[in-house]
Amino acid sequence: KTGDYVFFGSYEQDNNISNGKEDIEWLVLEVKDGKALVISKYALDCKQYNTNNTDVTWEDCTLRKWLNNDFINEAFSAEEKARIPIVTVSADKNPEFSTNPGNATQDQVFLLSMTEANKYFSSDSARQCRATDYVVAKDAWVDDNGNCYWLLRTPGQFQNRFANVNCDGDVREFG
């Protein structure tokens, strides 16, 4: 149910590959029509939104391709992947800027939009995200509390920027 934590899939988190991958802990954001929308409790990896500094939307960014190919194949067994539905992911506009959000996509794994980050988390502190040791080892920037930024699929002020949530949990619409 909403607010519960569940374990599903596994991914390297303690940065000790000799002991295998760790179970992924997910926060249930919503349950609707027999499907659960979940978000990882911890930052699992450190990836760029797009590998080239060019104008791009969620639809065409390299992070979307990585999530729905490399990540999903690394983190989930064939049985687990079969349980993850393909859903329509909206192309939400940034409420502060008129940047093109692109088109809706069909994905199994995706980033939240600005609207969703504000809808599902009632405060900045609830949006704070702790980085795993694996993420820290990949040189992700973390604050003194071990919290890191996390990306949203909503475009920022310009087509090569993307909204995000900072270490304090504040949603940054500029990108």
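Predicted model, so just to flag it, every value in this text is computed and none were measured.

A tally of regular secondary structure across the protein gives five helices and 11 strands. Over its C-alpha trace the protein gives a radius of gyration of 16 Å, about what one expects of a compact globule, namely 16 Å for 175 residues. Judged by the C-alpha coordinates and their principal axes, the protein covers about 45 × 40 × 35 Å. For the protein, the proportion of its 175 residues judged to be buried stands at 44%. The long-range share in the protein, meaning contacts at least 24 apart out of those at least 6 apart in sequence, stands at 51%. Accessible surface computed for the protein: about 9,700 Å², of which carbon and sulfur atoms make up 45%. Seen as two clouds, the 18 positive and the 28 negative side-chain charges of the protein have centres 5 Å apart.

Moving on to the environment of Val87. Here Val87 is to be found in strand E5 (residues 87-89). For Val87, a relative accessible area of 22% gives the class partly exposed. Taking the C-alpha atoms as reference, Val87 lies 14 Å from Asn103; in sequence the two are 16 residues apart. Beyond its immediate sequence surroundings of up to four residues, Val87 is in contact with Thr105, Gln106, Asp107 and Phe110.

On to unusual backbone geometry. Notably, Asn15 is not glycine yet its phi reads approximately 60 degrees, a positive angle. Secondary-structure assignment places Asn15 in the loop between strand E1 (5-11) and strand E2 (22-32). With a phi angle near 70 degrees, Asp139 is a residue other than glycine that sits in the positive phi range. Note on placement: Asp139 falls in the loop between helix H5 (133-137) and strand E8 (147-148).

In this structure, the second largest pocket spans a volume of roughly 280 Å³. Around the second largest pocket, the lining is made up of 14 residues, and of these Gln48, Tyr49, Asn50, Asn160 and Phe162 lie nearest the centre. Residues that form the lining of the second largest pocket fall into these classes: three nonpolar, nine polar and two charged.

Quick look at the nonpolar core now. Nonpolar side chains in soluble globular proteins tend to be buried together. Judged by nonpolar contacts, the single largest core of 21 residues is most densely connected at Tyr11, Tyr49, Leu67 and Phe71. Elements that contribute at least two residues to this core include exactly E2 and helix H1 (62-75). With six residues, the top contributor of residues to this core is H1. Every residue in contact with Phe71, bar those within four places of it in the chain, is listed here: Tyr11, Ile24, Leu44, Trp66, Phe76 and Val109.

Read from one edge of the open sheet, three strands run E4-E7-E8, paired in mixed fashion. Pairing within the sheet leaves two strands with one partner each, and these edge strands are strand E4 (42-43) and E8. Pairing of E4 with strand E7 (residues 129-131), which is carried by two bridges, proceeds in the parallel orientation. Looking at the pairing, Tyr42 lines up with Arg130 of E7.

Conventions we followed
- Counting of residues starts from 1 at the beginning of each chain's written sequence and follows it residue by residue.
- Totals for whole chains, interfaces and linings use all residues, but because this is a predicted model, local features are given only for residues with pLDDT of at least 70 and pairs of side-chain atoms are given and counted only at 80 or more.
- Derived side-chain values reflect all non-hydrogen atoms in the structure, with water molecules and hydrogen atoms excluded from consideration.
- In this description a helix means any DSSP run of H or I spanning at least four residues, a strand means any run of E spanning at least two, and both kinds are numbered starting from the N terminus.
- The reference for a compact globule is 2.2 Å times residues^0.38; the radius of gyration itself is calculated from the C-alpha atoms.
- Exposure categories follow from relative accessible area, calculated using a 1.4 Å probe and restricted to protein chains: below 20% of the type maximum is buried, above 50% is exposed, and the middle band is partly exposed.
- For this analysis, residues touch if any pair of their heavy atoms sits within 4.5 Å.
- Under the convention used here, a 1.4 Å probe and the Shrake-Rupley method define accessible areas, while residue burial counts only the protein chains that appear.
- Residues scored as charged are limited to Lys and Arg (positive) and Asp and Glu (negative), so that His and the chain ends carry no count.
- For charged residues, the charge sits on one atom: NZ in Lys, CZ in Arg, CG in Asp, CD in Glu.
- Here a cavity is any set of points on a 1 Å grid over the protein atoms alone where a 1.4 Å probe fits but cannot get out, and a pocket is any open set with protein on both sides within 12 Å along at least 5 of 7 lines; a residue lines the site when it has an atom within 4 Å of a point.
- Grid points are joined across faces, edges and corners, and a volume is the space filled by probe spheres set on the points.
- Side-chain classes follow a simple rule in which Ala, Val, Leu, Ile, Met, Phe, Trp, Tyr, Cys and Pro form the nonpolar group, Asp, Glu, Lys and Arg form the charged group, and the remainder, Gly included, forms the polar group.
- Definition of nonpolar core: a set of buried residues of the types Ala, Val, Leu, Ile, Met, Phe, Trp, Tyr and Cys, connected through side-chain atoms within 4.5 Å.
- In this description, strands pair whenever DSSP reports at least two bridges between them.

Purely geometric stuff here, so don't read any function into it on its own.
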